[in-house]
Amino acid sequence: MITVFRDIYSVLWVDLRFLRRHWLRTLATSIVNPILYLVAFGYGLGSGISFEGYSYLEFVMPGIIALTAMSSSYGGAGLKLHVDRLFYKCFDEYLMSPISLFSLAIGKTLIGVVRGLIASITLLIVGVIISPTLIISPLFVLVLVISCFVFSFLGVLIGLVAKSHQDMGTFSTLVILPMTFLSGTFFSLSQLPEAVKVVLYFLPLTHSSQCLRAAALSQPFPWLSLLALLGFGLVFFAGCMIALKRASV
Amino acid sequence: MEEVIVTEKLTKRYGDVRAVEDLNLKVHSGEIFGFLGPNGAGKTTTIRVLTTLTKPTSGCACVSSFDVVKEPDKVKKVIGVVQQHLSLDRDLTVRENMEFRARLHHLESSERRRRIDELLDYVGLTEQANRIVEDLSGGMKKRAMIVSSLMHRPKVLFLDEPTVGLDAQTRRRLWELIRRLHLDGTTIFLTTHYIEEAEALCQRVGIIHLGRLIDLGKPLELRQRLGLVAVETLVNNKETCYQYFADRAAATSYVQNLPPDAKTIIIRDSNLEDVFVELTGRKVGDD
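Since the model is a prediction, treat every value here as computed from it, not as a measurement.

(A) Here's a closer look at the overall build of chain B. Check the secondary structure of chain B and you find 10 helices and 13 strands. Along the first, second and third principal axes, the C-alpha set of chain B runs to 75 × 45 × 35 Å. Per-residue burial for chain B yields a buried fraction of 45% across its 287 residues. Contacts spanning at least 24 positions in sequence make up 66% of the contacts within chain B whose residues lie at least 6 apart.

Structure, rendered in structure tokens:
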């Protein structure tokens, strides 16, 4: 058991060294997008609008935090892994070392979680300053951490199965980008037709933003969404393990 | 003599492509074994199977008596691998890369530090320890890769085309390092498509072509089978013809009896390139 933790930390260690060297650049690139959304939608488009009894800024803030957690965790876990595997071909070093595939999967996931948390906490600080009604409860933190895990698992999975740089780009354009805008991040799902809603419930970010918003605005908490989020996490993790097993054939 | 690597009827196919076919090989403890062959002959595939990265289609392979398919974790503990391409994390320093390998192999922190300093000194990289790998020269990168693979004192070191793309001087320094590792007791399995590298370093050489081992022995033995002296003759200004003889006397008497239209006659020692060409009908460097 101790070996498993030690191995996980060894895998994480190397990515933490990288992060330590490039922290400013990493942080800047992960919060520029959310801040643009915040200014464009929260202040620009949404000023003066009230939404479900909240100002639009209060409403949109948890959604933007959810999408920050998603993009930073997904990118943080997946992109370097993908580049290391396909372009630098240094991923084999992990496979040739005596650490378990489980430790490898979790270690590679944790760097995404760390980067997702750093970006979303930074944004959260901005959020608390401009929208003081946000409630940061333990439940909010729990959902945020779970979200980071779910999207890091997804990042590792895509980083492992993508056969080319184009594959990564295609997945970002076809899945990540639409998810950013459609998953109840910028608007309430209650405005949408039932059929569309059903489709959107198949996107993990929908559940992430629903849960974060409910926790932040102390609305009734959608426990089923939390369960769905955990389900997505489990499926993505299982996918990572299968992909890693296949990597050594 | 203890065998460190044993393969029996080892075969690896990718679809219809036979990368390695029926390979039977024994590498003795403490030797430098060279796997010589052109690009695409199956050298890297063999290394990938022996280092547990790829599963064989059939046959078996053992490293240090551990089966690569059944006991990959035990194999991983006794091997060090230096890949053909730069496999270090290029954004980290040499020391960080070494520490990373040491962590993967469960070295304790005091031992890590000691071993890193010792190895940096061994290959003359102490002053480069805190430089980012990306900024190093080709030779330094290769030396950094070698020391990173030695952190856990492997019994067998796999070197896949260790000197590809390096200049002559750097290559000689690396040869020196490989010889030193050998003298210190490490068994070395190296692949190369450079004839002179195989001749300069290896006690025994296996020649691989189209996935099959076509000859195996000491470089001198392989040359003896062919003839130690080679005569090159240009016939009709068109084709160079090669003849091999056991000694200079036999070669000289052959040259004296050549027809008058034979030109540009060269008498030289035969080499492994000759062995390879005679066995396969092509040159080692051909793709």
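From this point on, the discussion continues.
(B) Region of the structure containing the overall build of chain A. Looking only at helices and strands, chain A has 10 helices and 2 strands in total. Starting at the N terminus, the α and β elements of chain A follow one another as α-α-β-β-α-α-α-α-α-α-α-α. For chain A, the spread of C-alpha atoms along the principal axes amounts to about 60 × 40 × 35 Å. Relative to its full complement of 249 residues, chain A shows a buried share of 45%. Sequence separation of 24 or more characterises 81% of the internal contacts of chain A that already satisfy a separation of 6 or more.

(C) Examining the pairing of strand S3 (residues 32-36) of chain B more closely. Residue and element names in this part refer to chain B. Taking burial as the measure, the 5 residues of S3 include 5 buried ones, the bulk of the element. Neither face of S3 is left uncovered, since the one carrying Ile32, Gly34 and Leu36 and the one carrying Phe33 and Phe35 both have all their residues buried. Judged from the 5 bridges that link them, S3 and strand S8 (residues 187-192) form a sheet pairing that is parallel. Residue phenylalanine 33 lies in a different strand from S8, and its bridge partner there is phenylalanine 189. Of the pairings in the sheet, the one linking S3 to strand S9 (residues 204-209) comprises 4 bridges and is parallel in character. Pairing of phenylalanine 35 across the sheet is with glycine 206, part of S9.

(D) Region of the structure containing the confidence of the model for chain A. This prediction gives chain A a mean pLDDT of 92; 99% of its residues lie at or above 70. Within chain A, no element has a lower average pLDDT than strand S1 (residues 50-51) of chain A, which sits at 79, and none a higher one than helix H6 (residues 138-161) of chain A, at 97.

(E) Spotlight on the sheet that holds strand S4 (residues 58-63) of chain B. Taken in spatial order, the 4 strands of this open sheet run S2-S1-S4-S5 (chain B), and their pairing is antiparallel. Only two strands of the sheet have a single neighbouring strand rather than two, namely strand S2 (17-28) and strand S5 (66-67) of chain B.

(F) Representation of the interface of chain B and chain A within the structure. With 22 residues of chain B in contact, the opposing surface of chain A contributes 18 residues. Split into classes, the residues belonging to the side of chain B that touches chain A amount to 6 nonpolar, 7 polar and 9 charged.

(G) Just the confidence of the model for chain B, in detail. Residue and element names in this part refer to chain B. The share of residues in chain B with pLDDT of 70 or more is 98%, and the mean pLDDT across the chain is 91. Mean pLDDT in chain B bottoms out at strand S13 (residues 262-269), which sits at 82, and peaks at S5, which reaches 97. Two numbers describe this predicted complex: its pTM, 0.89, and its ipTM, 0.89.

(H) Molecular detail of unusual backbone geometry. Residue and element names in this part refer to chain B. The backbone of glutamate 161 shows a phi angle near 45°, a positive value even though the residue is not glycine. You can see glutamate 161 is positioned in the loop between strand S7 (156-160) and helix H6 (168-183). When the 21 C-beta atoms within 10 Å are taken as the criterion, glutamate 161 is described as buried. The phi torsion at leucine 210 lies on the positive side, around 50°, for a residue other than glycine. Checked against the element boundaries, leucine 210 lands in the loop between S9 and strand S10 (212-217). Note on leucine 210: 15 C-beta atoms within 10 Å, which makes it partly exposed.

(I) Looking closely at the packing of helix H3 (residues 94-104) of chain B against helix H4 (residues 109-122) of chain B. Residue and element names in this part refer to chain B. Close contact between H3 and H4 brings their axes to 10 Å; oriented N to C, the two are set at 130°. Between H3 and H4, the angle falls in the class oblique. Along this stretch, H3 crosses H4, giving a crossing that reads as right-handed. For the pair formed by H3 and H4, the contact residues are Arg95, Met98, Glu99 and Ala102 on the first element and Arg112, Arg115, Ile116 and Leu119 on the second. By residue class, the composition of the contact of H3 with H4 is 4 nonpolar, no polar and 4 charged.

(J) Local environment of the sheet that holds S7 of chain B. All names here are of chain B. Taken together, 6 strands build an open sheet; the order of strands is S6-S7-S8-S3-S9-S10 and the sheet is mixed. Two strands bound the open sheet, and with one partner strand each, they are strand S6 (79-82) and S10. In this sheet, neighbouring strand axes are inclined to one another by 15° on average, regardless of whether the strands run parallel or antiparallel. Most of the contacts of helix H10 (residues 272-280) go to S9, to which it runs at about 35°, and overall it touches S3, S9 and S10.

(K) Seen up close, the packing of helix H5 (residues 101-130) of chain A against H6 of chain A. All names here are of chain A. Put simply, H5 and H6 touch, their axes get as near as 8 Å, and they point 130° apart. Here H5 lies oblique to H6, going by the angle between them. For the pair H5 and H6, the crossing hand works out as right-handed. Only Leu144, Cys148, Phe149, Phe151, Ser152, Phe153, Gly155 and Val156 of H6 make contact with H5, whose side of the interface consists of Ala105, Lys108, Thr109, Gly112, Val113, Gly116, Leu117 and Ser120. In the contact of H5 with H6, the residues fall into 9 nonpolar, 6 polar and 1 charged.

Quick notes on the rules
- Residues numbered from 1 in each chain as written.
- Chains lettered and ligands numbered in written order.
- Predicted model: local features only at pLDDT ≥ 70, side-chain atom pairs only at ≥ 80, totals over all residues.
- Helix = DSSP H or I, 4+ residues; strand = E, 2+ residues; numbered from the N terminus.
- Buried ≥ 20, exposed ≤ 12 C-beta atoms within 10 Å, placed from the backbone.
- Contact = placed C-beta atoms within 7 Å.
- Pairing = 2+ DSSP bridges.
- pLDDT = per-residue confidence, 0-100.
- Nonpolar A, V, L, I, M, F, W, Y, C, P; charged D, E, K, R; others polar.
- Axes fitted to C-alpha atoms, helices over the stretch in contact; angles between N-to-C directions.
- Parallel < 35°, antiparallel > 145°, perpendicular 65-115°, else oblique.
- Left-handed = near helix turned anticlockwise from the far one by under 90°.

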